[in-house]
Amino acid sequence: MTQPHTPPTPEAPTTDAGRAIVPVLAFAGIVVAVMQTLLVPVIKDLPQLLDTSPSNATWVLTSTLLSGAVATPIMGRLGDLYGKRRMLIVSLAVMVVGALISGFTSALVPMIVGRALQGFAMGAIPLGIGLMRDELPRERLGSAMALMSSSIGVGGGLALPLAAAVAQTTDWHVLFFGAAGLGLLSIVLTLIAVPETTTRAAGTFDHLGALGLSLGLVLFLLPITKGSDWGWTSATTLGMFAASAVVLLLWGVLELRVTAPLVDLRTTVRREVLLTNLASIMVGVSFFVVSLVLPQLLQLPSATGYGLGQSMIVAGLCVAPLGLTMMFTAPVYARISAKYGPKTTLILGLLIIAVGYGAGLGLMSAAWQTVVVSVVLGAGIGLAYSSLPALIVGAVDPSETGAANGLNTLMRSVGTSVSSAVIGMVLANTANEVGGAEIPTMHGFRLSFLIATAAVGVGLVLALFLPGRRPALTLHASGDAGKTGAGDVVAGEGRVVVASR
């Protein structure tokens, strides 16, 4: 077999700064998760805090979702073209500006603007994974990408109790100032410890493709997030879904015709990439269900007969093991994937998630039981999330890493958005009215867990159809082009192939 050409890559970092690349980039991912989670403790109070209606207050959350969905693939492509470190810093800087705007206002419109700017930080996840691929030696790459991929869950789990404590003990604007401070710290650490990659994609930025994708995503995600308010069968909701389908179809035709597309759809429809992205949606759905259900169950009054009557802080601490377990699964993932491949790791993670939700159907009567459920689900979601970037990176050219992982991160966001809409509708439709307030029921919580289990089942079927066993990702990052062993994954000219002796 002819050995493929391996483009020269920089030597593996050996300085103290070089060894800090992984924790610094993972910290950036955690900062992004904190930005997403910081308003969770005050969601129910937003209408009063902003002196607006509940439907208007939801735009504070919706704006972040929409801007993050739009920014993720665009920032990934810009990173491939102009430098991933540069775009990572830009993403974090825009987030800091947005956090400061939100921190200095209690008016609705400036708050929405600030939160929309904060959503740009979502691009940090695929950019960080791309930097790791470009800069790290192959023996460190698998566990490093696993940690980066899981950082969004780690940060969310850790931030919830901290944000709850801040919201209960001081002014809620402090949440934004804290996020801005973390963003500034992440920028400084990135400037010190993370080198700029020399890997660049050919071509120019596809402005028309970016506009088409942005419009299509907004038209798709907006009715998902606002469907409950507008009505799922209303002309507005159905019209936006139809318009989204038309725009994304036209966008796809455009992307197939341009020389340097924003998203290489020919790569995207490869079996490994397509099935991985579809499975990512299912993992995103399963991850968000537990984040929606357990905090509500824990904080409902015990007088309901099933609520656990815990404070906001205690509820956050009970769910925090979800993120902690995800963090600790990164080295476990590396060992399993090295021996059996990321496909097996994804399947194992999905099976553990299914076990966690199945057990959760009967473990809802005490706070300690929610901790057990959080730990099991954290282990499964951590393994599943960790395997996704390895599957994507192993199937695309190095110059497409940022855009490909950006699209994969977007698929997870689509999953969480769908999960939020569906579970919100389920809990609302099964709620009981008590004293003029709608109270979620145990039936609604269990039905939500069953929906998550069904999503995991779909993801498992998709994972089973991924290409057969492949060793863990061992991309060369040291320029050692001639030392490939059997099964090493090396970058070819526009593709990734498995080299053999």
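Residues numbered from 1 in each chain as written. Predicted model: local features only at pLDDT ≥ 70, side-chain atom pairs only at ≥ 80, totals over all residues. Heavy atoms only, no water.

*Asks:* Is there a simple way to explain the overall build of the chain in this structure?
*Replies:* Each helix and strand counted, the chain has 19 helices and four strands in total. Counting only residues that meet the buried cut, the chain has 57% of its 501 residues in that class. If you take every contact in the chain between residues at least 6 apart in sequence, the share linking residues at least 24 apart comes to 79%. (Helix = DSSP H or I, 4+ residues; strand = E, 2+ residues; numbered from the N terminus. Buried < 20%, exposed > 50% of the residue type's maximum accessible area, 1.4 Å probe, protein only. Contact = heavy atoms within 4.5 Å.)

*Asks:* I tried to follow the side chain of Thr329 on my own but got confused; where do I start?
*Replies:* With respect to the element layout, Thr329 can be found in helix 15 (residues 312-340). With residues up to four places along the chain from it excluded, the contact list for Thr329 reads Gly378, Ala379, Gly382 and Leu383.

*Asks:* So what exactly am I meant to see when it comes to the packing of aromatic side chains here?
*Replies:* The description of two aromatic rings rests on the distance between their centres and on the angle between their planes. Under the counting rule described, the total for this entry stands at five aromatic pairs. Between the aromatic rings of Trp172 and Phe176, the centroid separation amounts to 5.9 Å while the plane-to-plane angle is 70°, which identifies the pairing as edge-to-face. Summarising the aromatic geometry, the rings of Phe287 and Tyr385 are spaced 5.8 Å apart at their centres and angled 55° between planes, so their arrangement reads as tilted. Here Phe287, found in helix 14 (residues 271-299), pairs with Tyr385, found in helix 17 (residues 367-393); they are 98 residues apart in sequence, far enough to count as distant. The ring of Tyr385 has Arg412 lying over it, and the distance from NZ or CZ to the ring centre is 4.5 Å. (Phe/Tyr/Trp six-rings, centres within 6.5 Å; stacked < 30°, edge-to-face > 60°. Lys NZ or Arg CZ within 6 Å of the ring centre and 35° of its normal.)

*Asks:* What exactly am I supposed to notice about the pattern of salt bridges here?
*Replies:* Taken as a whole and assessed by the stated rule, the structure comprises three salt bridges. Between Asp80 and Lys84 there is a salt bridge, with its nearest N and O atoms 3.7 Å apart. For Lys84, a relative accessible area of 0% corresponds to the buried category. One salt bridge connects Asp229 with Lys226, and the closest N-O pair in it is separated by 3.4 Å. Residue Asp229 and its partner Lys226 are both found in helix 11 (residues 207-230); the two are separated by three residues, about one turn of the helix. Within this structure, Asp80, Lys84 and Asp134 form a network of salt bridges that share partners. (Salt bridge = Lys/Arg side-chain N within 4 Å of Asp/Glu carboxyl O.)

*Asks:* Mind showing me how you'd approach the nonpolar core here?
*Replies:* Soluble globular proteins tend to bury their nonpolar side chains together. Met132, Leu346 and Phe445 are the most contacted members of the largest nonpolar core, which has 113 residues in total. What Phe445 contacts, discounting residues up to four positions off in sequence, is Val293, Gln296, Leu297, Leu300, Tyr306, Met364, Leu427 and Pro440. The next biggest cluster of nonpolar side chains, apart from the first, holds 14 residues, and it includes Leu39, Val42, Val60 and Ala163. (Core = buried A, V, L, I, M, F, W, Y, C linked by side-chain atoms within 4.5 Å.)

*Asks:* Explanation requested: a nonpolar patch on the surface in the structure shown.
*Replies:* On the surface, a cluster of nonpolar side chains totalling about 310 Å² of accessible area is made up of Val97, Ile101, Val109 and Val113. Counting only elements with at least two residues in the nonpolar patch, the list comes to helix 6 (84-103) and helix 7 (108-118). In this fold, Val97 is placed in helix 6. (Patch = residues over 30% accessible without salt bridge, like charges linked within 9 Å, V, L, I, M, F, W, Y side chains within 5 Å. Areas by Shrake-Rupley, 256 points an atom, 1.4 Å probe, with all protein chains shown as cover.)

*Asks:* Please explain the packing of helix 5 (residues 59-82) against helix 11 as it appears in this structure.
*Replies:* Each pair of packed helices gets described by two things: the angle between the helix axes and the distance between those axes. For the pair helix 5 and helix 11, interaxial distance at closest approach is 10 Å and the crossing angle is 155°. What the angle tells us is that helix 5 and helix 11 run roughly antiparallel. The hand of the helix 5/helix 11 crossing is right-handed. Mapping the contact onto sequence places Trp59, Thr62, Leu65, Leu66, Ala69, Val70, Pro73 and Ile74 in helix 5 and Ala210, Leu213, Ser214, Leu217, Val218, Leu221, Leu222, Thr225, Lys226 and Trp230 in helix 11. (Axes fitted to C-alpha atoms, helices over the stretch in contact; angles between N-to-C directions. Parallel < 35°, antiparallel > 145°, perpendicular 65-115°, else oblique. Left-handed = near helix turned anticlockwise from the far one by under 90°.)

*Asks:* Would you explain the side chain of Thr267 in this entry?
*Replies:* Mapped onto the elements, Thr267 comes out in helix 13 (residues 265-268). Accessibility expressed as a relative area gives 8% for Thr267, which makes it buried. With near-sequence residues (within four places) excluded, Thr267 lies in contact with Val273, Ala395, Val396 and Glu400.

*Asks:* Got a minute to help me understand unusual backbone geometry in this structure?
*Replies:* In terms of backbone geometry, most residues other than glycine have negative phi values and most peptide bonds are trans. Look at Asp51: it is not a glycine, yet its phi comes out positive at around 55°. Secondary-structure assignment places Asp51 in the loop between helix 3 (46-49) and helix 4 (54-57). Residue classification places Asp51 among the exposed residues on the basis of a relative accessible area of 73%.

*Asks:* Even after reading the chapter, I still don't get the environment of Gly424, so can you show me in this structure?
*Replies:* Relative to the helices and strands, Gly424 resides in helix 18 (residues 401-429). Taking the C-alpha atoms as reference, Gly424 lies 8.4 Å from Leu292; in sequence the two are 132 residues apart.

*Asks:* Can you help me understand the confidence of the model for the chain in this one?
*Replies:* Atom-level detail of predicted coordinates should not be read off regions where pLDDT is low. Averaged over every residue, the pLDDT of the chain is 81; the share at 70 or more is 89%. The low-confidence segment residues 1-15 (pLDDT under 50) makes 37 contacts with residues lying over four places distant or belonging to another chain. Per-residue pLDDT stays below 50 along residues 471-501; that stretch engages in 98 contacts with residues further than four places along the chain or on separate chains. (pLDDT = per-residue confidence, 0-100.)

*Asks:* I tried to follow the environment of Ala99 on my own but got confused; where do I start?
*Replies:* Here Ala99 lies in helix 6. Ala99 gets classed as buried once you look at its relative accessible area, which sits at 1%. Beyond its immediate stretch of four places on either side in the chain, Ala99 contacts Gln118, Phe176 and Ala180.

*Asks:* Explanation requested: the environment of Leu219 in the structure shown.
*Replies:* If you trace the backbone, Leu219 turns up in helix 11. Beyond its immediate sequence surroundings of up to four residues, Leu219 is in contact with Met240, Phe241, Ala243, Ser244 and Val247.

*Asks:* Any chance you could explain the packing of helix 5 against helix 7 here in plain terms?
*Replies:* Contact pair helix 5 / helix 7: the axes reach a minimum separation of 7 Å and the direction vectors enclose 30°. In terms of orientation, helix 5 lies roughly parallel with respect to helix 7. Here the hand of the crossing between helix 5 and helix 7 comes out right-handed. Where helix 5 abuts helix 7, its residues Trp59, Val60, Ser63, Thr64 and Ser67 lie against Leu108, Met111, Ile112, Arg115 and Ala116. When its residues are assigned to classes, the contact of helix 5 with helix 7 shows six nonpolar, three polar and one charged. (Nonpolar A, V, L, I, M, F, W, Y, C, P; charged D, E, K, R; others polar.)

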